[in-house]
Amino acid sequence: MGRDGWFTLLLSNILILLLGGTSLLWSAFGVLRQARHAPHVCAGDVALLLVPGMRLLDGKPNADFRSRLQRARLLHQQGERVILIMGGVTGFEGVSEAAAGRDFLLELSVASSFVQLEDSSRNTLENLRNARERIQESGIDRYALLSNRYHLARCQALAHGLGMTPVLCAAEERFSAPPSSWLRLFLESYYLHWYYTGKLWSRLSRNRHSLARIS
């Protein structure tokens, strides 16, 4: 993460403690609101589907990553949209998240000509920053960002920070919050709080290095 990342993480935790957890609750509200209300369809002239990667399980997409890819397949079938799968090598399997995602889509009979890879990023922020370069080069005006419902609020915040305006699309058809998902929702709230804290601190301190990373 670097020195700036560790510092803003500490600052985020201090802010949570000083405010009695209310700032974290505010982040949680945003995560839940987006998770509940995000659509699972992409109407109109969306030409490109951005699919963030996710850490692999024994070299294969895990259940949440598969749900993103399955939704991308359905949306592709509705309009022959190009699918950009993002994610580099983040584990010990030696295969990138993007490549594993492509292989999964090919098994679902998606033509390889409609699947593109971005396989040098290691997290959601890098996913989107690298995707932004592709979009700017291609001149595409309208594109969708597709992920699991619990992940969409942070995806949107990161994308807007980078000057991107994607259409959001949920992997799951509807929101549900079984006990097994509570940890994911909490972690997303925590990460989103950290992001906003870091963004505010970078602007107040005029930290050019940090601002360049998130914008």
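Residues numbered from 1 in each chain as written. Predicted model: local features only at pLDDT ≥ 70, side-chain atom pairs only at ≥ 80, totals over all residues. Heavy atoms only, no water.

Student: What is the right way to look at the packing of helix 1 (residues 2–18) against helix 7 (residues 182–205) in this model?
Tutor: The relative placement of two packed helices comes down to the angle between their axes together with the axis-to-axis distance. Where helix 1 contacts helix 7, the two axes come as close as 9 Å, and the packing angle between them is 110°. Judged on the interaxial angle alone, helix 7 and helix 1 are roughly perpendicular. Contact residues: Gly5, Phe7, Thr8, Leu9, Leu11, Ser12, Asn13, Leu15 and Ile16 in helix 1; Tyr190, His193, Trp194, Thr197, Gly198 and Trp201 in helix 7. (Axes fitted to C-alpha atoms, helices over the stretch in contact; angles between N-to-C directions. Helix = DSSP H or I, 4+ residues; strand = E, 2+ residues; numbered from the N terminus. Parallel < 35°, antiparallel > 145°, perpendicular 65-115°, else oblique. Contact = heavy atoms within 4.5 Å.)

Student: Please explain the environment of tyrosine 196 as it appears in this structure.
Tutor: Within the element layout of this structure, tyrosine 196 appears in helix 7. Between the alpha carbons of tyrosine 196 and isoleucine 14 there is a distance of 14 Å; along the sequence they are 182 residues apart. Every residue in contact with tyrosine 196, bar those within four places of it in the chain, is listed here: Trp26 and Ala157.

Student: What is the right way to look at the pairing of strand 2 (residues 82–86) in this model?
Tutor: Two faces, one strand: in a regular strand the side chains alternate between the faces of the sheet. Among the five residues that make up strand 2, four are buried, leaving the element largely enclosed by the rest of the structure. Crossover strand 2 to strand 3 (residues 115–118) through helix 4 (residues 97–107) is right-handed. (Buried < 20%, exposed > 50% of the residue type's maximum accessible area, 1.4 Å probe, protein only. Right-handed = clockwise from strand over helix to strand, strands pointing away.)

Student: Would you take a moment to explain the side chain of asparagine 207 for this structure?
Tutor: Mapped onto the elements, asparagine 207 comes out in the loop between helix 7 and helix 8 (208–214). Accessibility expressed as a relative area gives 19% for asparagine 207, which makes it buried. Separated by 3.5 Å, the side chains of asparagine 207 and aspartate 4 make a polar contact. Of the polar contacts made by the side chain of asparagine 207, one reaches the backbone nitrogen of serine 210; its length is 3.0 Å. Not counting chain neighbours up to four residues away, the residues in contact with asparagine 207 comprise Asp4 and Ser202. (Polar contact = N/O pair within 3.5 Å; in protein donor to acceptor, adjacent residues only side chain to side chain.)

Student: Please explain the sheet that holds strand 2 as it appears in this structure.
Tutor: Paired through their backbone hydrogen bonds, the strands of a sheet run either parallel or antiparallel. One open sheet accounts for five strands, arranged 3-2-1-4-5; its pairing is parallel. If you trace the sheet from one side to the other, it starts and ends with strand 3 and strand 5 (167–170), each paired once. The average angle at which neighbouring strand axes cross in this sheet is 25°, direction not considered. Pairing of strand 1 (residues 48–51) with strand 2 involves four bridges; the strand directions are parallel. (Pairing = 2+ DSSP bridges.)

Student: Explanation requested: the packing of aromatic side chains in the structure shown.
Tutor: Any two aromatic rings considered together are summarised by their centre-to-centre distance and by the angle between their planes. All chains considered together, the criterion is met by five aromatic pairs. Ring centres 5.7 Å apart and planes at 55° place the aromatic pair tyrosine 195 and tyrosine 196 in the tilted group. In this structure tyrosine 195 comes out as buried when scored by relative accessible area, which is 9%. Grouping aromatic residues by their ring pairs yields a cluster made of Trp26, Tyr195 and Tyr196. (Phe/Tyr/Trp six-rings, centres within 6.5 Å; stacked < 30°, edge-to-face > 60°.)

Student: I'm lost on a nonpolar patch on the surface in this one. Help?
Tutor: Taken together, the side chains of Leu10, Ile14, Leu15, Leu18 and Leu19 present a nonpolar region at the surface, about 460 Å² in accessible area. For leucine 15, the location among the structural elements is in helix 1. Since its relative accessible area comes to 31%, leucine 15 is described here as partly exposed. (Patch = residues over 30% accessible without salt bridge, like charges linked within 9 Å, V, L, I, M, F, W, Y side chains within 5 Å. Areas by Shrake-Rupley, 256 points an atom, 1.4 Å probe, with all protein chains shown as cover. Salt bridge = Lys/Arg side-chain N within 4 Å of Asp/Glu carboxyl O.)

Student: Even after reading the chapter, I still don't get the pairing of strand 5, so can you show me in this structure?
Tutor: Strand direction decides the pairing type here: strand 4 (residues 143–147) and strand 5, joined by four bridges, are parallel. What sits directly across from serine 147, in strand 5, is alanine 170. Following the chain from strand 4 across helix 6 (residues 152–161) to the adjacent parallel strand 5, one finds a crossover that is right-handed.

Student: What exactly am I supposed to notice about the packing of helix 3 (residues 63–79) against helix 4 here?
Tutor: Orientation of helix 3 relative to helix 4, taken along the N-to-C sense of each, is 50°, at an axis distance of 10 Å. The pairing of helix 3 with helix 4 is recorded here as oblique in orientation. Every pair of crossing elements has a handedness; the one defined by helix 3 and helix 4 is right-handed. Contacts between helix 3 and helix 4 involve Phe65, Arg66, Leu69, Gln70 and Arg73 from the former and Glu97, Gly101, Phe104 and Leu105 from the latter. Of the residues belonging to the contact of helix 3 with helix 4, the class tally is four nonpolar, two polar and three charged. (Left-handed = near helix turned anticlockwise from the far one by under 90°. Nonpolar A, V, L, I, M, F, W, Y, C, P; charged D, E, K, R; others polar.)

Student: Quick question: what am I supposed to make of unusual backbone geometry here?
Tutor: For residues besides glycine, phi is generally negative; the peptide bonds are generally trans as well. In this structure, serine 109 is a non-glycine residue whose phi angle is positive, near 70°. By the element assignment, serine 109 lies in the loop between helix 4 and strand 3. Despite not being glycine, arginine 206 has its phi angle at roughly 55°, a positive value. Residue position: arginine 206 is located in the loop between helix 7 and helix 8.

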